[in-house]
Amino acid sequence: MLVDEKKASAAKPLFRRPANLRPRKPQGQPRELDALCDLAANRIAIEGVSPEIDGGRFPAKCVAGEQVLIEADIFGNAHDRIVACLRYRPAGTESWTEQPMILLENDRWSTTIVLGENRLYQFTFCAWHDLYATWREEVAKKHTAGRNIALELEEGRRLLQSAARSDWAGPDDVAELEQVLASLEILRADTQRLALLGSDAVAAVMSRAGVRTNLSYYHKVLEIFADRKTAAFSAWYELFPRSQSGDPARHGTFDDVIARLPYVRDLGFDVLYFPPIHPIGETNRKGRNNSLKAELGDVGSPYAIGSEHGGHDAIHPELGSFEDFHRLMAAARRHGLEVAIDFAIQCSPDHPWIKAHPEWFDWRPDGSLEFAESPPKKYEDIVNVNFHSDAFPGLWHALRDIVLFWIGHGVKIFRVDNPHTKPFAFWEWMIGEVRSRHPEIIFLAEGFTRPKITKRLAKVGFNQSYSYFTWRNLKRELEEYLTELTQEECRHYMRPNFFTNTPDINPIYLQHSGRPGFQARLILAGTLGGNYGIYNGFEICEAEAVPGKEEYLNSEKYQIRAWNMDEPGNLQWDIGFVNRLRRNHKSLQDFTSLAFYNAWNDNIIYYGKRTADLSDFLLFHVCLDPHSAQGADFEVPLWELGLTDDAPVEVEDMVTGRHFTWHGKIQHIHLDPFYKPYAVWRLISPGAHAGQSRPDA
C-alpha cells in the first residue's frame, strides 16, 4: 500500500480514548513544550530493529528479487491491540509502501519483503493502537459473559463513523462504512447489531480505513542496498592471462584466454578473474621466485603497475589491444562468464602518475621515492600513493575515474587488492560514487587483515570479502567461524568469498594433504559459502611451496607457467559436481541457511542447508583427515521434517544417484579420504515428489 505523507496528520479523538497523534500545545505556552508534545505523541515503543548496522550509519545488504526478513520489538504501555507496519521505498523517491508486520512472541514483530530492483532502498516503521480490533475483542468477551453491551455498541458505531471521516479511508471504504452505518440504524437487537459491527467484512475495511490512534514512528530512516544476485552467489576461477599460451617461453594473449573459456565454463564457474592486466614497470623488476634481480626475459610482477606504455588505464602490450580485450569480453558473455579484473592501487616507479603528479606519492628526505613496505617485507618494484595531504582530492577523483573507465569497457566486477591499507573514507566515497551511477558493480575486498577491519570494509560498501576460511581447517574452527558469519549481525552486511587458494596463499594444509585435502577444501568452500573461488592449479592439486612459507614455488606472480589441467588425478569431476549442485539446488544459494549437526568424530564435519519450505534439503559429511579413514555415528535431523526419532526418511545419494531409506535418527558414516572423502545426501520430505534428480555426473 502506497502511503502519502499527508496521511500522517493528527487523527480525530474517539469517545473516551484520546486518538490525537500529537498533544495540542496550549496557546501561549513556551516553545520548549514542543519537545514534550513530540515525546508524548509516540506512545508506542519501536526498538531492537534488525537489520540496523551501527545505529543506521551503514546500509544493510540483501539480494534484489529475493525475500529479506525485517524485525523489530514493538510494544505499548496499554492493553490496546497494536498494528505495526514496515515502510519502505527506493531511496530518492517520496511515497512509501507499507507492509503489515506479524507479531511473533514477546513483542517481536517481523515481515518479509522483496526489493525488486538493484538499488538503494530506505525503510522505517510505524505502529498504532487499533481501537476497533481492541473493541471487537472486548465486546465479544462481554457479550459472551452476559453483560449489557448497549454502550459498547454505541462506541463501535462511533469508531465506524470516525473511520469514514479519516484520511485513511478511500472512496470504496467510505461507501462500505456508510452502508454498514445505515443498516445499523434499522437493527434493534443487540445481538444483530453486534453481528454486523463485529463481522469479518467490517473488520477488513476497518483494518484499512480505521483511525491510526497514537500513530508512532521509528526515529530513524534506515537503508538497505539490494544487490544483483552475483554479489551473494558466485563461483570464481582465477588465472593469469599471460600463462595461457601453453608455452612458458611465449607470453599469453587475450586470444589465448578466449581459447580457455570453454574449459572454465564447463567446470561450472560464472566469474573469470584476472590479476592486473596493465603495463608492468622495468625499474627494480622482480625476477623468478621473487628474486630482487630480474634476468633477461623475466616478466615481473603484474602488481608493479605502470610503464612507458601507460598506467591503470592501459593494457600490457603483450596481452593485446583494447580491441582484443573487447573481443574477450564478448566471448566470455557468450559462455555465461563475467570477467573480473584487479583494482590494485600501487604503482611501479615507472608509472606516468609519478611525473605528472609527484604530490600523490611519498618521498624520502634524500629526494628518492619511498618504496612499499610491510616490514620485514619490502617491495622494491612498487610505490604506494598518499591519499591525503596534497594528493587530496585529485588522487581520489583519478582512482574513481579509473574504475569508471573500466566499467566503460564492460567490466562489472572488481577484485580490490589490499583495501585495508587505504582509508575507509575513500572506499565509502568511491564505491558510493560508482554505485550511484552503476548499482550493478561488484567490489570484492581482498582484506586479509584483522576481523574488525574486514567488517568495516564490508560496511563501507564492499559487496564481497575475502575471509579466514583459507586458514580454518579444524572442525571446531570451521563451525565457530561459520556460525559467526551466518548468525551474528555481520550476516546483514558482509558476504564472504571462500577462496581455497590464491596466487599469494598456498595453504599449509594443502601443501601436505594430497588429493583428499583438495577435495575436502573444495566441497567445503563450494557448499558452505555463497561465494567461493579457486586459483588455477588447484584442480591438479598444485602445492609445491617455497620451503617454510605459504607461497608457491615458481609462482606465476613472477614468471609464465604452462599448465596441463588434464593430469591424472585432476579434480575436474569434483569441481563440476560442486558447481552443478550449487546451480541446481536453491538451498545452496542462501548462505545463512547453514546448520551444523552432530557427528561424533572431530575428523568429520557434518552440516546441512535447506529451503524454508523443506523442498530442498541437503546434508554434507566431509572428512577433514586427508590421511586416514574415519567413521562416525550421526544424527539425521528428522525433527526438522516433523518426524519422530524412529521414523523412516527417503534419501538420495547425490554422488551416485542411489535412493534408499534411513530408519531412525542415528545412522553411521564411513569416509575413506582416498576413495570417498565426502558424502552429499538429499533428504526427501514426506509427501514431496522425489523427481528432483541429482545433477548429471
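Here the residue numbers are simple positions, counted from 1 along each chain's written sequence. Given that the model is predicted, a residue must reach a pLDDT of at least 70 before its local features are reported, and side-chain atom pairs must reach 80 or more before they are shown or counted; all residues, however, enter totals for whole chains, interfaces and linings. With hydrogens and water excluded, all non-hydrogen atoms of the structure serve as input to the side-chain values.

## Some thoughts on the overall build of the protein chain
Right, so step 1: To qualify as a helix, a DSSP run of H or I must reach at least 4 residues; to qualify as a strand, a run of E must reach at least 2; elements of each kind are numbered from the N terminus. Broken down by element type, the protein chain carries 15 helices and 29 strands.
Right, so step 2: C-alpha extents for the protein chain along the principal axes are approximately 105 × 70 × 40 Å.
Right, so step 3: Each accessible area is a Shrake-Rupley result for a 1.4 Å probe, and residues are judged covered by the shown protein chains and nothing else. Only carbon and sulfur atoms are counted for the fraction: they give 50% of the accessible area of the protein chain, which is about 30400 Å².
Right, so step 4: Looking at the protein chain, you have 78 positive and 95 negative side-chain charges, and the mean spots of the two groups are 5 Å apart. We score Asp and Glu as negative and Lys and Arg as positive, and we do not count His or the chain ends. For charged residues, the charge sits on one atom: NZ in Lys, CZ in Arg, CG in Asp, CD in Glu.

## Some remarks on the pairing of strand β4 (residues 67-75)
Right, so step 1: Two elements, strand β2 (residues 45-50) and β4, share four bridges in a ladder whose sense is antiparallel. What sits directly across from Ser50, in β4, is Glu71.
Right, so step 2: Two strands are said to pair when DSSP picks up at least two bridges between them. Relative to strand β8 (residues 108-114), β4 runs antiparallel, the two sharing seven bridges. When the bridges of β8 are listed, Leu69 appears paired with Thr112.

## A closer look at the sheet that holds strand β21 (residues 531-535)
Right, so step 1: Reading around the barrel, the eight strands line up as β12-β13-β14-β17-β18-β19-β20-β21 and close back on themselves, with parallel pairing between neighbours. When strand polarity is set aside, the average angle formed by the axes of neighbouring strands in this sheet is 25°.
Right, so step 2: The pairing of strand β12 (residues 234-238) with β21 spans five bridges and is parallel. Opposite Ala235, over in β21, you have Tyr532 as the bridge partner. Think of each axis as a best-fit line through the C-alpha atoms, taken over the contacting stretch in the case of a helix, with angles from 0 to 180 degrees between the N-to-C directions.

## Structural notes on the UniProt feature "binding site: alpha-maltose 1-phosphate" (unreviewed entry) in the protein chain
Right, so step 1: UniProt positions are given in the numbering used here, feature names are shortened, and annotations may be inferred rather than shown by experiment. Residues annotated by UniProt as "binding site: alpha-maltose 1-phosphate" (unreviewed entry) correspond here to Lys286, Gln346, Asp381, Asn418, Lys557 and Tyr558.
Right, so step 2: Mapped onto the elements, Lys286 comes out in the loop between β13 (271-274) and α8 (322-334).
Right, so step 3: For Lys286, a relative accessible area of 3% gives the class buried.
Right, so step 4: Working rule for contacts: check all heavy atoms of both residues, and any pair within 4.5 Å makes them a contact. Apart from the residues within four sequence positions on either side, Lys286 is in contact with Ser291, Leu292, Ala294, Asp298, Gly300, Lys378, Glu380, Asp381 and Tyr558.
Right, so step 5: Buried means the residue's accessible area, taken with a 1.4 Å probe over protein chains only, is under 20% of the maximum for its type, while exposed means over 50%, and partly exposed covers the values in between. Overall, the relative accessible area of 15% leaves Lys557 in the buried class.
Right, so step 6: Aside from chain neighbours lying at most four places away, what touches Lys557 is Phe240, Arg242, Gly300, Ser301, Pro302, Pro503 and Asp504.

## Focus on the sheet that holds β2
Right, so step 1: Pairing is antiparallel across the open sheet formed by four strands, whose spatial order is β2-β4-β8-β7. Strand pairing shows two members of the sheet lacking a second neighbour, β2 and β7 (102-103), which therefore form its edges.

## Description of the pattern of salt bridges
Right, so step 1: When a carboxyl oxygen of Asp or Glu is within 4 Å of a side-chain nitrogen of Lys or Arg, the pair counts as a salt bridge. Evaluation of the coordinates by the stated rule reveals 40 salt bridges.
Right, so step 2: Residues Asp54 and Lys459 are paired through a salt bridge, measuring 3.0 Å at the closest nitrogen-oxygen approach. Here Lys459 lies in helix α12 (residues 451-460) and Asp54 lies in the loop between β2 and β3 (60-63), a separation of 405 residues in the sequence.
Right, so step 3: Here Asp324 ties to Arg327 by a salt bridge, and the two come within 2.9 Å at their closest N and O atoms. One end of the pair, Asp324, and the other, Arg327, are both in helix α8, three residues apart, so they sit about a helical turn from each other.
Right, so step 4: Through salt bridges with shared partners, a single network forms among Asp342, Arg415, Asp417 and Glu446.

## Description of the side chain of Arg157
Right, so step 1: Along the chain, Arg157 turns up in helix α3 (residues 150-164).
Right, so step 2: One polar contact links Arg157 to Glu154, side chain to side chain, over a distance of 2.7 Å.
Right, so step 3: Beyond its immediate chain neighbours, meaning those up to four positions away, Arg157 contacts Leu181, Leu184, Glu185 and Leu197. Polar contacts here mean pairs of N or O atoms no more than 3.5 Å apart (in protein, one a potential hydrogen donor and the other a potential acceptor; neighbouring residues in sequence count only if both atoms are side-chain atoms).

## Here's the deal with α12
Right, so step 1: Most of α12 is tucked away, with seven of its ten residues classed as buried.
Right, so step 2: Taken as a whole, α12 has its buried residues at Ile453, Thr454, Lys455, Leu457, Ala458, Lys459 and Val460.
Right, so step 3: Those residues of α12 hidden inside the fold are in contact with β3, α11 (424-437), β19 (464-466) and α13 (475-487).
Right, so step 4: Gly461 occupies a position one or two residues after α12 and carries a positive phi of about 145°.

## Focus on the pairing of strand β18 (residues 442-446)
Right, so step 1: Burial runs high along β18: five of the five residues are buried.
Right, so step 2: Taking every second residue as pointing to the same face, both faces of β18 are buried, with Ile442, Leu444 and Glu446 on one and Phe443 and Ala445 on the other.
Right, so step 3: Alignment of strand β17 (residues 413-417) against β18, held across five bridges, turns out to be parallel. By the bridge assignment for β18, Asp417 is matched with Glu446.
Right, so step 4: Orient the strands so they point away from the viewer, and a crossover whose first-strand-to-second-strand path over the helix runs clockwise is right-handed. After leaving β17, the chain enters α11 and then returns to the sheet as β18, a path that is right-handed.
Right, so step 5: Pairing geometry for β18 and β19, over two bridges, is parallel. Its bridge partner being in β19, Leu444 is matched across the sheet by Gln464.
Right, so step 6: Handedness of the β18-α12-β19 crossover: right-handed.

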